[in-house]
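Chain by chain, the residues run as shown.
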Amino acid sequence: ARPVSMVTADGERLEFPCAPGQSVLEAAAAAGAALPASCRQGTCGSCHASVTGGAFDHGPCSPMALPPERREQGEVLLCRTYPQGPLSVALPYESSRILYGGIPRREAVITALETVARETVRLELQLEPDEEAGSGCQFEPGQFMELEVPGTDAKRAYSLANTGNWEGRLEFFIRLRPGGLFSTYLQERARPGERLTAHGPQGAFGLRETGLRPRWFVAGGTGLAPLLSMVRHMAEWQEPQPARLLFGVNEEADVFGLAELDAVAAELPGFRYEVCVWRPGPSWQGQAGTPADRVAELLAATAEKPDIYVCGPPPMVDAVAQAALTAGVPEERVIRERYLPT
Ligand code: FES
């Protein structure tokens, strides 16, 4: 076995052996530490980390999950990383994101299911009380749950849009994909009262503590969900950083969540949001264009170098990141979550 040594962003060290043919992600789980991950097959990017020393093989992965230039900078996907000798890894998140008792499994009941925009539904679940976790559900804004597709052994990951609560309430905004397993279930069978199994909360995407630096949130489509959770969290805790949210959609028919964003704006001083419609109709009064164009325009008009949280389809995330880097925002201030269809 090859020794693996990992350090979290807050300096906690984990050491465990990795057997030949075992990925670092699998070896960590075997040692009792479930690291943030979702697809476990190199397509989602949620297990990314940096190798700081040692030799390894990297299995095939989607360039959307790990762009080649990040590979060159030492970034890896831990579900695809096979050590060839002692390996040192830096994890980009704090130790609180590692699930030492494994990934919690909770039973839930659908309490609401409604269409909120074209091909987009809002799903609300109520968790059943659990012996260990009690009746509540605590999670960090930005995290996701994996929902089992009833009648199969498949799971699909969806970001939580609400904030941690003692009532066990979970809210999701889900884009329906033609032929998608969970999408088909939602369209054909899901009804209030139906039961689901949820695994989580999981994931490393989340707010960073960087003092009073302004926070910009940039969403593409249902990538709004985890960012809504973040700004709701800021409103609940009356966090003082100036916050701005850009919500990009293809067409006006794709817009949702405005009542939720208005509610945040009413409670959080210094918060404002705008919707960017890529292909607006003749009656659209708001911003036209992509969120990346708007980010470039806003950054050109200010000396601010904010933290930018961006979530949505990979091309949109990459375009926003590129616009921010071009405007001089340091790489580590662009905090990304890519949504990839399974
Ligand atoms: Fe490794 Fe998805 S869990 S890329």
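Turning our eyes to something else, we now look at the overall build of the protein chain. If you tally the helices and strands in the protein chain, you get seven helices and 19 strands. Its C-alpha atoms give the protein chain a radius of gyration of 20 Å, within 12% of the compact-globule value 20 Å for 342 residues. With 342 residues in all, the protein chain has 52% of them scored as buried. Put simply, of all contacts in the protein chain between residues at least 6 apart along the chain, 69% involve residues at least 24 apart. For the protein chain, the exposed surface amounts to about 15100 Å²; the carbon and sulfur share of it is 51%. Taking the average location of the 31 positive side-chain charges in the protein chain and that of its 43 negative ones, the two points are 3 Å from each other.

Backbone hydrogen bonds are what pair the strands of a sheet, in a parallel or an antiparallel way. Taken in spatial order, the six strands make up an open sheet running β11-β10-β13-β8-β9-β12, and their pairing is antiparallel. Looking at the sheet topology across the chains shown, the edges are occupied by β11 (155-159) and β12 (169-175). Strand-to-strand twist of the sheet, defined as the mean angle between neighbouring strand axes without regard to direction, takes the value 40 degrees. Direction of pairing for strand β8 (residues 105-117) relative to strand β9 (residues 120-127): antiparallel, over a ladder of eight bridges. Bridge pairing in β9 places Val109 opposite Gln126.

Analysis parameters
Residues numbered from 1 in each chain as written. Predicted model: local features only at pLDDT ≥ 70, side-chain atom pairs only at ≥ 80, totals over all residues. Heavy atoms only, no water. Helix = DSSP H or I, 4+ residues; strand = E, 2+ residues; numbered from the N terminus. Rg over C-alpha atoms; globule rule 2.2 N^0.38 Å. Buried < 20%, exposed > 50% of the residue type's maximum accessible area, 1.4 Å probe, protein only. Contact = heavy atoms within 4.5 Å. Areas by Shrake-Rupley, 256 points an atom, 1.4 Å probe, with all protein chains shown as cover. Lys, Arg positive; Asp, Glu negative; His and termini not counted. Charge placed at Lys NZ, Arg CZ, Asp CG, Glu CD. Pairing = 2+ DSSP bridges. Axes fitted to C-alpha atoms, helices over the stretch in contact; angles between N-to-C directions.

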